[in-house]
Amino acid sequence: MNKTSNPAELAEISKRVRRHILEMITAAKSGHPGGSLSATEVVVTLFFDIMKHDPANPKWKDRDRFILGKGHACPVLYSTMAEAGYTPVDQLTTFRRLGSIYQGHPDVRFIPALEASTGSLGEGLSVGLGMALAAKLDGSPSRTFVVLGDGEIQEGQVWEAAMFGAFHKIDNIVCIVDYNKIQLDGFVKDIMPLDPLVDKWTSFGWHVIDIDGHDINAVQKAFHDAEAVKGKPVVILANTVKGKGVSFMENNPKWHGSAPSREECELALKELA
Amino acid sequence: MAVSRKYELKIGPATREAFGKALVELGQKNPNVVVCDADLSKSTMTTFFAKEFPERFFQCGIAEANMVAIGAGLSAAGKIAFVSSFSAFVVNKGFEQLRVTAAYPNVNLKVVGTHSGISIGEDGPSQMSIEDLSLACNLPGFVVMAPCDEVSMKACIHLVADHVGPAFVRAGRSKAAHVYEAGAKFEIGGSNELLSGKDVAIFANGLLVAEALKAAEQLDAAGISARVIDLYSIKPIDRAALERASKECGAIVVVEEHLKDTGIGTRVAQVCAETTPCIMEFVGVDNTYAESGTPEAVIEKYGLLAKNVVEAVHKVLARKK
Ligand SMILES: Cc1ncc(C[n+]2csc(CCOP(=O)(O)OP(=O)(O)O)c2C)c(N)n1
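Cut-off values and rules
Residues numbered from 1 in each chain as written. Chains lettered and ligands numbered in written order. Predicted model: local features only at pLDDT ≥ 70, side-chain atom pairs only at ≥ 80, totals over all residues. Helix = DSSP H or I, 4+ residues; strand = E, 2+ residues; numbered from the N terminus. Rg over C-alpha atoms; globule rule 2.2 N^0.38 Å. Buried ≥ 20, exposed ≤ 12 C-beta atoms within 10 Å, placed from the backbone. Contact = placed C-beta atoms within 7 Å. Axes fitted to C-alpha atoms, helices over the stretch in contact; angles between N-to-C directions. Parallel < 35°, antiparallel > 145°, perpendicular 65-115°, else oblique. Domains from an automatic or database assignment. Core = buried A, V, L, I, M, F, W, Y, C linked by C-beta atoms within 7 Å. Nonpolar A, V, L, I, M, F, W, Y, C, P; charged D, E, K, R; others polar. Pairing = 2+ DSSP bridges. Near = placed C-beta within 6 Å. Left-handed = near helix turned anticlockwise from the far one by under 90°. Right-handed = clockwise from strand over helix to strand, strands pointing away.

*Asks:* Summarise the overall build of chain A; cite the residues concerned and give the values.
*Replies:* Secondary structure summary: chain A contains 10 helices and five strands in total. Scaling as 2.2 N^0.38, a compact globule of 273 residues should have a C-alpha radius of gyration of about 19 Å, and chain A matches this with 17 Å. When each of the 273 residues of chain A is scored for burial, the buried share is 55%. Long-range contacts, defined as pairs at least 24 residues apart, comprise 77% of the intrachain contacts of chain A with a sequence gap of at least 6.

Encoded structure:
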């Protein structure tokens, strides 16, 4: 795979990934566009710039690991992994169909290169902490990256994990909260507000980096800064826009879990040309 | 009771929709009814209640275990609290809370799990509940019900609301065929014989009742008389109907959208073993997790169609000889 640190190239890849996301959800007639589009720069920057991994050797022992806690956003993960060479790009549109490797939520039975099967929100950070802890025990340089949804962190388990990570000084993990301010039933502020979120994570013993999650320079810098933090885990609050890149999907809870029609998809693709 | 009639099985609303509507009826009837949901109200259809009675609806966010215990607290303090989410989340994530805050102190909590079974299709195994009935039956004192259509769901929701004690009701995502006409009778611990028959008795619940009825029609054409029983009440279970079926038909097939190893089949077998044993076959999810696909494709691949019921009946009848 062609890794790159060039923000312009990462932006190009992000655009391709967004197009895949729309194509696959449209073809499947179901899926979750909003939270896939909001996490695109973060996931692409991880796979194409930050993480040490090898699509030709996915089980390489010292690889960096990635877990998508908010498994419903798997179109962004599948598209990015396909672009990186893990899985076939031309099968992306089989998403959610019987027999497809691109299951409705990430499923290690179908794509062994995935680190975890997710879809039940709130579990990814704990699993990631276990993996990061194992790397420490093994003296491995491996880092673990876990992307959570903002709604997802309403799960109590996330905060149990947060305490564990800080107490055990697990500094080879980076948790990214895709802070797009929207969940399923509506806006986070109306469902179960999280603010002050920086203070919450700080008080749980985490080093907090607060950024614009669509600014690739900022995303790159955040991951580099995270690596320099020793003795405590790092959380990046990636402030994002749900549905980013498609004007009629942006900031609209309707696009959490509904598929665009073919016509809507064409409109969206024009905006991402 | 035994009504032999032809079932048209016209497609009706999903049982989750019937649940949502029944909650509104309850809300109108009883100001003591309150509802909690965990960021899925648009899917569980508790949103109908939320719109009608915003002051009695409590959004818990994505935190099912907490929601169960909050509901238990509301109930313990005298409310009739309904808590709802996908079955896979409210039962699995909330199991410990169901056990210690609701079942053990015998609190008047009502739990409704929607999107049950594997017929949710595209979302895949993380959202599919194939163990909820068995887990719910592992909660001493809980009433456990799995109605099959709009009429029976509404009836069951009213039944569990009137019942004093904890209850779990299982609802589905996809549209459900009409099995019952308005006014049909249901009771906690009851069952309904939908077709009379003497060669084999088929017990089913939820969406698979319709498949059992289709199977019976096919069997009828082959000269096999199949009794079909809707086992909508799983706990307590209708022991008399089971014993009668076992005695009169001498062969039973149990059909369920649930893990075969621990589902209603095991309860049916236990009751028959305690009363009148007979040979049995089981149709269900066989020691596996399913996968994504259209509901139809998933149900077919995992063997939960009328043709699978027919096959099981032939198997059980071959053993009967
Ligand atoms: C335990 C659990 N409860 C409920 C759901 C159903 N669900 C799927 S996505 C979602 C909302 C997620 O919101 P958020 O984490 O903010 O994700 P994003 O907005 O980034 O898509 C819910 C409630 C689930 N998948 N898992």
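Now that the structure has been shown, the text picks up again.
*Asks:* I'd like a rundown of the overall build of chain B, residues and numbers included.
*Replies:* Counting secondary structure elements, chain B contains 13 helices and 14 strands. Here the C-alpha radius of gyration of chain B, 19 Å, is about what a compact globule of 321 residues would show, namely 20 Å. For chain B, the spread of C-alpha atoms along the principal axes amounts to about 60 × 40 × 35 Å. Relative to its full complement of 321 residues, chain B shows a buried share of 61%.

*Asks:* Quick rundown of the packing of helix H4 (residues 64-76) of chain B against helix H6 (residues 95-103) of chain B? Include the residues and the values.
*Replies:* All names here are of chain B. The geometry of H4 relative to H6 is characterised by a closest axis approach of 9 Å and an angle of 10° between their N-to-C directions. Classified by the interaxial angle, the pair formed by H4 and H6 is roughly parallel. In this structure, H4 uses Ala 65, Val 68, Ala 69 and Ala 72 to contact H6, whose residues at the interface are Gln 97, Leu 98, Thr 101 and Ala 102.

*Asks:* Outline the domain arrangement of chain B, supporting the account with residue identities and numerical values.
*Replies:* Where interface size is quoted, it is often the accessible area lost as the parts come together. All names here are of chain B. For chain B, the assigned domains read domain 1 (11-177) and domain 2 (192-320). On a C-alpha basis, the centres of domain 1 and domain 2 stand 25 Å from each other. Counting residues at the interface gives 30 residues for domain 1, matched by 28 residues for domain 2. Only helix H7 (132-137), strand S6 (143-145), helix H8 (150-162) and strand S8 (175-177) provide two or more residues apiece to the side of domain 1 that touches domain 2.

*Asks:* So what's going on with unusual backbone geometry? Which residues, and what values?
*Replies:* Backbone geometry follows two general trends: most residues other than glycine have a negative phi, and most peptide bonds adopt the trans configuration. Each neighbour pair has its own omega, and for Asp 195 of chain A with Pro 196 of chain A the value is 0°, a cis peptide bond. By the secondary structure assignment, Pro 196 of chain A is in the loop between helix H7 (188-191) and helix H8 (197-203). With an omega dihedral of -5°, the bond running from Lys 235 of chain B to Pro 236 of chain B counts as a cis peptide bond. Position of Pro 236 of chain B relative to the elements: it lies in the loop between strand S12 (233-235) and helix H10 (239-249). Unlike most non-glycine residues, Arg 96 of chain A shows phi in positive territory, near 70°. Among the secondary structure elements, Arg 96 of chain A is positioned in the loop between helix H4 (74-84) and helix H5 (124-137). Phi is positive for Lys 169 of chain A, close to 50°, though the residue is something other than glycine. Here Lys 169 of chain A shows up in the loop between helix H6 (156-167) and strand S3 (173-179).

*Asks:* So, the nonpolar core: which residues are in play, and what are the values?
*Replies:* Residues Ile 202, Ala 212, Ile 252 and Val 253 of chain B are the most contacted members of the largest nonpolar core, which totals 125 residues. Broken down by element, the residue count for this core peaks at eight residues, all from helix H9 (residues 208-221) of chain B. Look past the residues within four positions of Ile 252 of chain B in its chain and what remains in contact with it is Ala 201, Phe 203, Ala 245, Ser 246, Val 268, Cys 272, Cys 278 and Met 280 of chain B. Ranked by size, the runner-up nonpolar core spans 73 residues in total, among them Val 76, Leu 148, Leu 237 and Trp 255 of chain A.

*Asks:* So what about the interface of chain B and chain A? Which residues, and what values?
*Replies:* Between chain B and chain A, the contact holds 22 residues from the first and 27 residues from the second. Sorting the residues of the side of chain B that touches chain A by element identifies helix H2 (41-44), H4 and helix H12 (295-301) of chain B as the ones contributing at least two each. Across the side of chain B that touches chain A, the residue classes break down as seven nonpolar, nine polar and six charged.

*Asks:* Describe the sheet that holds strand S10 (residues 200-204) of chain B, naming the residues involved and giving the relevant values.
*Replies:* Residue and element names in this part refer to chain B. Strand order in the open sheet formed by five strands is S9-S11-S10-S13-S14, with mixed pairing between adjacent strands. One side of each edge strand has no neighbouring strand; the edge strands of this open sheet are strand S9 (192-195) and strand S14 (279-285). Sheet twist, expressed as the average angle between the axes of neighbouring strands with direction ignored, equals 25°. One ladder, built from six bridges, connects strand S13 (residues 251-259) with S14; its direction is parallel. By the bridge assignment for S14, Ala 251 is matched with Ile 279.

*Asks:* If you had to explain the sheet that holds strand S4 (residues 207-212) of chain A to someone new, which residues and values would you point to?
*Replies:* All names here are of chain A. The sheet built from five strands is open, its strands ordered S1-S2-S3-S5-S4 with parallel pairing. The sheet is open, and its two edges are formed by strand S1 (65-68) and S4, each paired on a single side. Taking the axes of each pair of neighbouring strands and ignoring which way they run, one obtains an average angle of 20° across the sheet. Examined bridge by bridge, strand S2 (residues 144-149) and S3 share six bridges and lie parallel to one another. Looking at the pairing, Val 147 lines up with Ile 176 of S3. Packing against the sheet, helix H3 (residues 40-50) makes contact with S1, S2, S3 and strand S5 (234-239), and its axis sits at approximately 170° to S2.

*Asks:* Which residues make up the pairing of strand S5 (residues 110-114) of chain B, and what values do they have?
*Replies:* Residues and elements named next belong to chain B. Across the five residues that make up S5, a large majority, five, are buried. Of the two faces of S5, the one lined by Lys 110, Val 112 and Thr 114 and the one lined by Val 111 and Gly 113 are each fully buried. One ladder, built from five bridges, connects strand S4 (residues 80-86) with S5; its direction is parallel. Opposite Val 83, over in S5, you have Val 111 as the bridge partner. When S5 meets strand S7 (residues 167-170), the two strands line up parallel, connected through four bridges. Bridge pairing in S7 links Val 111 to Phe 168.

*Asks:* Outline the site of the ligand, supporting the account with residue identities and numerical values.
*Replies:* Taken together, 28 residues lie around the ligand, and Gly 35, Gly 149, Gly 151, Glu 152 and Gln 183 of chain A are the ones closest in. Taken together, the residues near the ligand originate from chains A and B. Per-element tally for the shell around the ligand: the top contributor is helix H2 (residues 33-38) of chain A, with three residues. When the residues that make up the shell around the ligand are grouped by side-chain class, the tally is seven nonpolar, 13 polar and eight charged.

*Asks:* How would you summarise the packing of helix H1 (residues 7-28) of chain A against H3 of chain A if you had to cite specific residues and measurements?
*Replies:* Residues and elements named next belong to chain A. Taken N-terminus to C-terminus, the directions of H1 and H3 make an angle of 120°; their axes are 9 Å apart at the nearest point. When the axis of H1 is compared with that of H3, the two are oblique. Crossing angle aside, the handedness with which H1 passes H3 is right-handed. Here Leu 10, Ile 13, Ser 14, Val 17 and Arg 18 of H1 come into contact with H3, specifically with Thr 40, Glu 41, Val 44, Thr 45, Phe 48 and Asp 49. Considering only residue class, the contact of H1 with H3 consists of five nonpolar, three polar and three charged.

*Asks:* Give me the pairing of S7 of chain B: which residues, what numbers.
*Replies:* All names here are of chain B. Because side chains alternate across S7, one face comprises the buried residues Ala 167 and Val 169, and the other comprises Phe 168 and Arg 170, equally buried. Summarising the sheet, S6 and S7 pair through three bridges and their orientation is parallel. For Met 145, the partnering residue across the bridge sits in S7 and is Val 169. Read as a crossover between parallel neighbours, the route from S6 over H8 to S7 is right-handed.

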